[in-house]
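Secondary and tertiary structure notes
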Amino acid sequence: MLTAEAAATAQDPGGKNKSSSPRQIPVIGVVAEDEESQGVFKPMDLNHIIKLLEENVKDDLEEKQLKSVKKLMQCYQNGFPLRDLAQIFKILNLCARKIKSSPHFIEPAYDILKLCGLPFLKKKVSDEITYAEDTANSIALLGDLMEIPSSELRIQICKCIVDFYHAEPPKKHIPGYQQASSSYKIKMAEVGGLAKTMVQSMILLENQLVEKLWVLKVLQHLSTSEVNCTLMVKAQAASGICAHLNDPDPSGQLLFRSSEILWNLLEKSSKEEIIQQLSNLECLLALKEVFKNLFMSGFSHYDRQLRNDILVITTIIAQNPGAPMIECGFTRDLILFATFNEVKSQNPLVKGLKLSNSSEDFELKKLLFNIIVILCKDLPTVQLLIEGRVILALFTYLKKPEKHKIIEWSAAQHEELQLHAVATLSSVAPLLIEEYMSCQGNARVLAFLEWCESEDSFFSHGNSFHGAGGRGNKFAQMRYSLRLLRAMVYLEDETINIDLCEKKAIQQLIRIFKNIISNSNEKEEAIVLEIQSDILLILSGLCEHHIQRKEIFGTEGVDIILHVMKTDPKKIQSGLGYNVLLFSTLDSIWCCVLGCYSSEDCFLEKEGIFLLLDILALNQKKFCNLILGIMVEFCDNPKTAAHVNAWRGKKDQTAASLLIKLWRKEEKELGVKRDKHGKIVDTKKPLFTSFQGEQKVMPLPANCPSIAVMDVAENIRAKIYAVLGKLDFENLPGLSAEDFVTLCIIHRYLDFKIGEIWNEIYEEIKLEKLRPVTSDKKILEAITTASENIGKMVASLQSEMIESQARQDAQNEQKVYTKIQATHKQRELANKSWENFLARTSNAKTLKKAKRLQEKAIESSKYKERPQNAIFHHTVIKGLNTTVPSGPVVTVESTPARLVGGPLAETDIALKKLPIRGGSLQRVKVRKTVDEPKKSIPS
């Protein structure tokens, strides 16, 4: 197979090229009819065609130019090689320039564009990389050619670009060439910035519908790429396309393609920038008219889908507070469309309008609820919500399903809309308090909660976002109703809270909490935890600052708090929501128990303080601050100290030891300077943290807290000081020497903090270059000196404690050594005794010697003179061959002594029976008895 250069050489008799460089005259393969089977290529000079097109107009020149271009098309009828693409597009550009003066060049330009739709050809695998820049520049030229005022040519340009995404294979295979990859043109279009020029060409086509539709089709394909979307955004494509959504178009393609492009731009480029482009009056008016027309006149499946797409785009734009949604009247229309089904309206826009239960209309209803939530974030919308009676419309869903009633939605759809409506109320109702109360909102919500709590047969589908975890039960309805109540209670509006308490909301919520504990299972664990957390938060909001409500909370409320506090600590880190529930529980202790003596006593009696300290001992930093705050308040109750001191944790740890340990950990995290024994290092600034060291003292207004003051609130040291102070620093059980060293600092915390604040004041005075009067200066110096002296005193006391502990440790160590020494000595004596015993048993002389020593010792221990009339008893048993003291002798007659001879038959006191009259044992003779009756062995 011959290459183009080889073919040219073969036709030259001299074997030489016509040019010194083979690339100066591009050579292409032209297959003649008689040479097709041989694969011989006919050379063609592209530079000659370019020069011919660049020449000025002569009489017969135009005909030559057209003929040369036509010949070129015949050569490239199967596609353009990448190596010649730059010159071919230069020829195309020259033809396009001549169209204004000579319309005959439209046809050759059209033919070239038509061939551009075919895949490009490459001779080498590396051609795609080698000619990438030429290809990108050539494709970019297509966008510039849209300026040519020729409808036929513009449409062909668009078709050519669309063919990039639907490439057709070449008609014939040219030997020596292969097709470029299918995505090559698309990548080169991105590199050349074709998308930007195509967007800019839209300005030229405002009154030409056909060309505009073709350009939109091109942009629809180009917008599937993130690179192209970025280029289109820079060319203001979003605003330019959206502003013409409502242009006349009998085919309906303009709206469809425009919405598709907007979707792609939102998904694949900067969402914020797109929103900013669309947030103008012109775009929103176009969207409003399109949506209104589709809402009122669109009945086909396609129209409804398009309507919903437009609404989603509008919802995204509405997230921008600066979008003129109210000014263009779009907000009022959307509120009307969202509520016309529930609240009767005489507005002609919705008169006679009805939604079906189709999936598109159902989706529309949810989208309208959703956009209300977004619109209500803009406060000027509130008045429109009042006029549209949105609260009343949403409350129509907040009731139990009525049997035998014909509704437009299916059971599953109605349930989902119900949950969506309650969720929407949670956002809207707090803004419309008067409307909420006028609709008896509290009564409706509590009645709905009562139905959720009841055993009424109800099969929940639980197949929506809001219904998650509520399949076959009413937990989803309860969950969103409690969210609504929580949002209303946290407004701290006394009208709402008093109304809730009068309707016995506290008792009802406690009852719901108890029922959930007994009826829930593991499948709904996450949603149940959220419900419990919300109930406790609502109770906290109702009871805070009101003793009477705390009394209503009472022992039943304390029981549910204690139930949560007894949760397995391992579950807190499970991620299901136990940590949130625990936070809610601690908050409810603060708001519902503290301040009410009867509830406090009940909490103490049921070991609530023990549970609090158990949680504190878990060493979870997120809970420490809140628990210590509760402990400070609880310690005002005189009964609390005994409970705190009685608590014991792991390894018999006391509450005081736990608090001091937390103090040390907090100071370590704060970077407070302490030595290895925990002693004060800097007596001038004993509480100074690393953060305070990094911050420079600066003059502040009197109403601004300084760094030293802010430090009190930003860590737990002040709370630990307060708790230990109320427990009495002098009588704290279970403390080690290290604890006592730290306790010295805690005891003087307030003095140190006061000195720290005075030091700040002194530094600020210096920075402001103020000079206090002599008396004030002396007082300031006295205060700072006194503070430093306290630090020195505490450091000295700590040193004494450390030395005392060192001495005590040394004494204890000496006692241990003495005990070890005594143990070793006793072991040596035992070994020596054992050696003596072995010697006596193995050596007769040693045994005799030991026996003599024993007898001598016995004799020496006796009285030399016997008292008169004394009865003498022998203490030594004769005949024994032992040298150790004998123990008590017991004679057991389990078998008749006369038969076996007795246990001591071989000794001098071999007895046969015990005399009846008593006295000492006596020796008797053995006599043979005949037919002596048998005796039973005593048990």
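Predicted model only: the values in this text are computed from it and were never measured.

**Some details on the overall build of the protein**
Within the protein, the regular secondary structure consists of 43 helices and two strands. For the protein, the accessible area works out to roughly 51700 Å², and carbon and sulfur atoms hold 53% of it.

**Observations concerning the packing of helix α3 (residues 61–75) against helix α5 (residues 106–116)**
It is the contact of α3 with α5, at a shortest axis distance of 10 Å, that shows an interaxial angle of 15°. By the angle class used here, α3 and α5 are roughly parallel. Note that α3 runs across α5; the crossing there is left-handed. Mapping the contact onto sequence places L66, V69 and M73 in α3 and P108, D111, I112 and L115 in α5. Broken down by class, the residue content of the contact of α3 with α5 amounts to six nonpolar, no polar and one charged.

**Digging into the pattern of salt bridges**
Applying the stated criterion across every chain yields a total of 31 salt bridges. Residues K606 and D559 are paired through a salt bridge, measuring 2.6 Å at the closest nitrogen-oxygen approach. Here D559 lies in helix α29 (residues 547–565) and K606 lies in the loop between α31 (597–605) and α32 (608–616), a separation of 47 residues in the sequence. Using a relative accessible area of 36% as the deciding quantity, one classes K606 as partly exposed. Of the residues examined, D559 reaches a relative accessible area of 32% and is grouped as partly exposed. E666 is the salt-bridge partner of K621, the closest N and O atoms lying 3.0 Å from each other. Here E666 lies in helix α35 (residues 655–670) and K621 lies in helix α33 (residues 621–634), a separation of 45 residues in the sequence. What makes E666 buried here is its relative accessible area of 7%. If you follow the salt bridges from partner to partner, you end up with E667, R674, D711, R717, K753 and E756 in one network.

**Observations regarding a positive patch on the surface**
Together, K845, K848, K849 and R852 make up a region of like positive charge exposed at the surface. Relative to the assigned elements, K845 resides in helix α42 (residues 844–860). Under the relative-accessibility criterion, K845 is labelled exposed at 69%.

**Some points on the confidence of the model for the protein**
Looking at the protein, the pLDDT average stands at 83 and 85% of residues meet or exceed 70. Here residues 1–41 is a poorly scored stretch, pLDDT under 50, and it has 51 contacts once near neighbours within four places are set aside; other chains count. Residue range residues 909–939 is modelled with pLDDT below 50. Its contacts to residues more than four positions away, or to other chains, number 33 contacts.

**Let's talk about the packing of helix α25 (residues 475–489) against helix α28 (residues 525–543)**
Running from N to C, α25 and α28 cross one another at 25°; their axes reach a closest spacing of 9 Å. It follows that α25 is roughly parallel to α28 by the angle criterion. Taken as a pair, α25 and α28 cross one another with a handedness that is left-handed. Of the residues in α28, those in contact with F475, A476, M478, R479, L482, R483, L485, R486 and V489 of α25 are I527, V528, E530, I531, D534, I535, L537, I538, G541 and L542. Residue composition of the contact of α25 with α28, grouped by class: 13 nonpolar, one polar and five charged.

**Examining the side chain of D711**
Mapped onto the elements, D711 comes out in helix α37 (residues 707–714). With relative accessibility at 5%, the residue D711 sits in the buried group. Every residue in contact with D711, bar those within four places of it in the chain, is listed here: T689, Q692, R717 and K753.

**Some words on helix α39 (residues 737–747)**
Every buried residue of α39 is listed here: D739, V741, T742, L743, C744, I745 and I746. Its buried side turned inward, α39 meets α35, α38 (717–727), α40 (749–767) and α41 (774–842).

**A few points about helix α24 (residues 441–453)**
The end-to-end C-alpha distance of α24 is 18 Å, a good match for the 18 Å that 13 residues give at a rise of 1.5 Å each. If you check which residues of α24 are buried, you get G441, N442, V445, L446, F448, L449, W451, C452 and E453. In this structure, the buried side of α24 is in contact with α21 (390–395), α22 (411–428), α23 (433–438), α25, α26 (494–502) and α27 (505–519).

**Observations concerning the environment of V215**
The residue V215 is located in helix α11 (residues 209–222) in this model. C-alpha separation for the pair V215 and R257, spaced 42 residues apart in sequence, amounts to 9.9 Å. In this view, V215 contacts M146, C158, M198, S201, M202 and L205; residues no more than four positions away in its chain are not counted.

**Concerning the state of the cysteines**
Within the structure shown, the criterion is met by zero disulfides. Summary of cysteine pairing: C158 is not part of a disulfide, and the nearest cysteine sulfur, belonging to C160, is at 9.7 Å.

**What about the packing of aromatic side chains?**
Under the criterion given, the structure shown has 16 aromatic pairs. For the pair F583 and F623, a centre-to-centre distance of 4.8 Å together with 45° between the ring planes defines the contact as tilted. Here F583 is found in helix α30 (residues 578–593), whereas its partner F623 is found in helix α33, with 40 residues between them in sequence. Note on F583: relative accessible area 31%, which makes it partly exposed. What makes F623 buried here is its relative accessible area of 1%. Ring pairs connect the aromatic residues F291, F295, F330, F337 and F340, which therefore count as one cluster. Over the ring of F105 we find K98, and its NZ or CZ is 6.0 Å from the ring centre. The ring of Y762 has K766 lying over it, and the distance from NZ or CZ to the ring centre is 4.6 Å.

The rules behind the values
- Residues numbered from 1 in each chain as written.
- Predicted model: local features only at pLDDT ≥ 70, side-chain atom pairs only at ≥ 80, totals over all residues.
- Heavy atoms only, no water.
- Helix = DSSP H or I, 4+ residues; strand = E, 2+ residues; numbered from the N terminus.
- Areas by Shrake-Rupley, 256 points an atom, 1.4 Å probe, with all protein chains shown as cover.
- Axes fitted to C-alpha atoms, helices over the stretch in contact; angles between N-to-C directions.
- Parallel < 35°, antiparallel > 145°, perpendicular 65-115°, else oblique.
- Left-handed = near helix turned anticlockwise from the far one by under 90°.
- Contact = heavy atoms within 4.5 Å.
- Nonpolar A, V, L, I, M, F, W, Y, C, P; charged D, E, K, R; others polar.
- Salt bridge = Lys/Arg side-chain N within 4 Å of Asp/Glu carboxyl O.
- Buried < 20%, exposed > 50% of the residue type's maximum accessible area, 1.4 Å probe, protein only.
- Patch = residues over 30% accessible without salt bridge, like charges linked within 9 Å, V, L, I, M, F, W, Y side chains within 5 Å.
- Lys, Arg positive; Asp, Glu negative; His and termini not counted.
- Charge placed at Lys NZ, Arg CZ, Asp CG, Glu CD.
- pLDDT = per-residue confidence, 0-100.
- Expected span 1.5 Å × (residues − 1).
- Disulfide = S-S within 2.5 Å.
- Phe/Tyr/Trp six-rings, centres within 6.5 Å; stacked < 30°, edge-to-face > 60°.
- Lys NZ or Arg CZ within 6 Å of the ring centre and 35° of its normal.

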